[in-house]
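Chain by chain, the residues:
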Amino acid sequence: MNTRVKVCKLGDIAPGEMKPVDVAGLKPIALFNLDGTHYATSNICTHNIAMLTDGYFEGEVVECPLHGGSFDIKTGEPLSFPCEIALQTYPVIVEGDEIYIEAEVEA
Ligand code: FES
């Protein structure tokens, strides 16, 4: 069952920024602010082991720092070689000045 988990304050991530988020019981999460709308995906590239928040974020695309593959931050779908497997995505909820994601958290 999905649990709502607080990840940061609204003011912690400006438009056009991405941010790594660590939540107990979850793999690393990447949080994105795309023109005021927030998206969350796994932060680990599905091609190999690289943190996407060490890469580049432009428009709706995050580019991996290691081999330059890229993903759509809204859907997690791979957009360019060598990435072929989609990233996991998480629903994001903004309530007041807090940002939450919904995820299946391991106890
Ligand atoms: S590890 Fe991300 S593209 Fe290779």
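On a predicted model such as this, the values are computed, not experimentally measured, just so you know.

Enquirer: Help me understand the sheet that holds strand E10 (residues 92–95) in this model?
Expert: In a beta sheet, neighbouring strands pair by backbone hydrogen bonds and run either parallel or antiparallel. Reading across from one edge, E1-E11-E10 is the order of the three strands in this open sheet, with antiparallel pairing throughout. The open sheet terminates on both sides in strands that have one partner only, identified here as strand E1 (3–9) and E10. The mean inter-strand angle of the sheet, taken between neighbouring strand axes irrespective of direction, is 30 degrees. Pairing of E1 with strand E11 (residues 98–103), which is carried by six bridges, proceeds in the antiparallel orientation. By the bridge assignment, Lys6 is partnered in E11 with Tyr100.

Enquirer: What is the right way to read the layout of surface pockets from this model?
Expert: To locate leftover empty space, one rolls a probe as large as a water molecule over the atoms. Of the pockets and cavities examined, the largest pocket occupies roughly 180 Å³. Every residue lining the largest pocket is listed: Gly25, Leu26, Lys27, Ser42, Gln88, Tyr90, Glu104 and Glu106. Its residues assigned to classes, the lining of the largest pocket comprises two nonpolar, three polar and three charged.

Parameters and conventions
- Sequence order as written defines the numbering, with residues in each chain counted from 1.
- Given that the model is predicted, a residue must reach a pLDDT of at least 70 before its local features are reported, and side-chain atom pairs must reach 80 or more before they are shown or counted; all residues, however, enter totals for whole chains, interfaces and linings.
- Hydrogens are left out, water is left out, and the side-chain values use all remaining heavy atoms of the structure.
- Two strands qualify as a pair provided DSSP detects at least 2 bridges between them.
- The helix and strand labels rest on DSSP assignments: H or I over at least four residues marks a helix, E over at least two residues marks a strand, and numbering proceeds from the N terminus.
- Helix axes are fitted to C-alpha atoms over the stretch in contact, other axes to C-alpha atoms as well, and angles between N-to-C directions run from 0 to 180 degrees.
- A cavity here means a set of points on a 1 Å grid, drawn over the protein atoms and nothing else, where a 1.4 Å probe fits but cannot get out; a pocket is an open set with protein on both sides within 12 Å along at least five of seven lines, and a residue lines either one if it has an atom within 4 Å of a point.
- Grid points are joined across faces, edges and corners, and a volume is the space filled by probe spheres set on the points.
- Side-chain classes are defined by residue name, with Ala, Val, Leu, Ile, Met, Phe, Trp, Tyr, Cys and Pro counting as nonpolar, Asp, Glu, Lys and Arg as charged, and the others, Gly among them, as polar.

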